[in-house]
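# A look at the structure
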Amino acid sequence: MNKFGFDDRGWAVVSLVLVVGFATCNTGVTYILPMSYKLFIPGPIAVSEKTLRAMAQPMIGHRSTDFVALYQSLTPQLQALFYTKDPVYLSTSSAWGVMEGSLRNVVKKKLLCCMNGAFADKWLDVAKRCGIDAAGLKFEWGQPVDPVALRKELSTGAYDAVTIIHNETSCGCMSDLPALMAVLRDFPDVISIVDTISSFSVLAIKKDELGIDVMITGSQKALALPPGLAIFSVSKRALDRAATVTGRGYYFDFLEFQKNHEAGMTPSTPVIPLIYALKSKLEDIKAEGAEVRYARHARLNKLVRDWAFAKGFTLFPKEGAGSISLNCFNNNLKVDLVALNKALKAKHGMVIDGGYGKLKGLAFRISNMGDETDETMALLLKALDSVLAELPQ
């Protein structure tokens, strides 16, 4: 028995401590590992203790009736959040796995990638690495995708699929998805693949009403779960397209997901602890109420934006196209963002983002998504006030 109360067998749960932040030793004492700092970056974001505890449930077989019951219990709640009657699948991967896999499932002719930030730009690169004929509809970072430009490009008849990132996290820009989907509905042969990774559950995204074919999200953004789980819904139209496409592979094959979904399973061994965490989070969302959740995100987003404007910072994305999940501000006051984050972490146990990719040092991002409240955001802004006042001018 060591000083923490673990004997040799007890040390088997040390890995659990590293993953979920707590463990119960052989003496029955539960040890909590507090985070050394809290994340206010736009993913991964802070995970609640309730969610972490949900991950520590006993393991079950992924082909067992217990797993089938767990999986099928999630479907109605996920369909409600996706606003869809289509199946919702769970993939043990980052969302990028499904983003790439979607291309392999639906593109037969040519892909159009709408590009207005780092992740949208990456989607075109991923397509080309897959050997897919693809072109980009390019906009400056921070500019929303223009529906008029999208219509013009699709009118060439060259494309049978299009990718759109609803909320471009790299620069805090949210495109007008209803307007873009209105364009796509006029092109019934074009399959839409929409990344809602950092907007899902932040506002209502009505998949069926909008006509989205493939809608993808991930665990580590607004759902406030640890990374490693992708969640996506696919229309019958996209499934029918996939059935005609060769080279879909196996791991992200839509038809494999559908076949297993019908049996209450996933194609491959899933990350069961994260599925328990998802169940816990869906319970939280139901208890709060979706509309209340959406209003909370909008309110907290405005709180941060008003604070920054009062300080003299300006918003990076085009006016009217700012994200609701996070804010990306220009560093027009020339703040030493590295020093700011260092002091914020050391003195207050918090971290924001100092700019992504080519915006590093030139902009900063503050997330308000997930489980954040008026109180937690107020604490962050107070800490930022303190650190900014202490930095050399």
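Residues numbered from 1 in each chain as written. Predicted model: local features only at pLDDT ≥ 70, side-chain atom pairs only at ≥ 80, totals over all residues. Heavy atoms only, no water.

### Regarding the sheet that holds strand 14 (residues 326-330)
The strand order across the open sheet built from three strands is 13-14-16, with neighbouring strands paired in antiparallel fashion. A strand with exactly one partner marks an edge of an open sheet, and here the two such strands are strand 13 (314-315) and strand 16 (363-367). As defined by bridge partners, strand 13 adjoins strand 14 across two bridges and the pair is classed as antiparallel. Bridge pairing in strand 14 places leucine 315 opposite phenylalanine 329. (Pairing = 2+ DSSP bridges. Helix = DSSP H or I, 4+ residues; strand = E, 2+ residues; numbered from the N terminus.)

### Digging into the pairing of strand 11 (residues 214-218)
Most of strand 11 sits inside the fold, with five of its five residues counted as buried. Neither face of strand 11 is left uncovered, since the one carrying Val214, Ile216 and Gly218 and the one carrying Met215 and Thr217 both have all their residues buried. As paired strands, strand 11 and strand 12 (residues 229-234) are joined by five bridges and run antiparallel to one another. If you follow methionine 215 over to strand 12, its bridge partner there is serine 233. (Buried < 20%, exposed > 50% of the residue type's maximum accessible area, 1.4 Å probe, protein only.)

### A look at helix 12 (residues 290-311)
With 22 residues, helix 12 ought to run about 32 Å at 1.5 Å a step, and its terminal C-alpha atoms sit 32 Å apart, in line with that. When helix 12 is considered as a whole, its buried residues turn out to be Arg293, Tyr294, Arg296, His297, Leu300, Asn301, Val304, Arg305, Trp307 and Ala308. Take helix 12 and look down its axis: the buried residues cluster within an arc of 160 degrees, on one side only. Turned more than 90 degrees off the buried face of helix 12, the exposed positions are Glu291, Lys302 and Ala310. In this structure, the buried residues of helix 12 make contact with helix 3 (65-82), helix 11 (272-288), strand 13, strand 14, strand 16 and helix 14 (374-390). Trailing helix 12 by a residue or two, glycine 312 shows a phi angle of about 105 degrees, which is positive. (Expected span 1.5 Å × (residues − 1). Arc of directions from axis to C-beta. Contact = heavy atoms within 4.5 Å.)

### Notes on the pattern of salt bridges
Going through the model one piece at a time under the given rule, you end up with 22 salt bridges. Between glutamate 49 and arginine 53 there is a salt bridge, with its nearest N and O atoms 2.8 Å apart. A residue pair is termed a helical-turn pair when its members lie 3 or 4 positions apart in one helix, as glutamate 49 and arginine 53 do in helix 2 (residues 49-54) at four residues. Overall, the relative accessible area of 45% leaves glutamate 49 in the partly exposed class. (Salt bridge = Lys/Arg side-chain N within 4 Å of Asp/Glu carboxyl O.)

### Side note on the packing of helix 12 against helix 14
The geometry of helix 12 relative to helix 14 is characterised by a closest axis approach of 10 Å and an angle of 15 degrees between their N-to-C directions. One finds that helix 12 runs roughly parallel with respect to helix 14. The crossing of helix 12 and helix 14 is right-handed. On the side of helix 12, the interface is formed by Arg299, Leu300, Leu303, Val304, Trp307 and Lys311, while helix 14 contributes Asp374, Met377, Leu381, Leu384, Asp385 and Leu388. Of the residues in the contact of helix 12 with helix 14, the class split is eight nonpolar, no polar and four charged. (Axes fitted to C-alpha atoms, helices over the stretch in contact; angles between N-to-C directions. Parallel < 35°, antiparallel > 145°, perpendicular 65-115°, else oblique. Left-handed = near helix turned anticlockwise from the far one by under 90°. Nonpolar A, V, L, I, M, F, W, Y, C, P; charged D, E, K, R; others polar.)

### Let's talk about the confidence of the model for the protein
Should the pLDDT be low somewhere, the predicted coordinates at that spot are not to be read in detail. Taken residue by residue, the protein gives an average pLDDT of 92. The fraction at 70 or more is 91%. For the stretch residues 1-33, pLDDT sits under 50, and the model shows 47 contacts to residues farther than four places along the chain or on other chains. (pLDDT = per-residue confidence, 0-100.)

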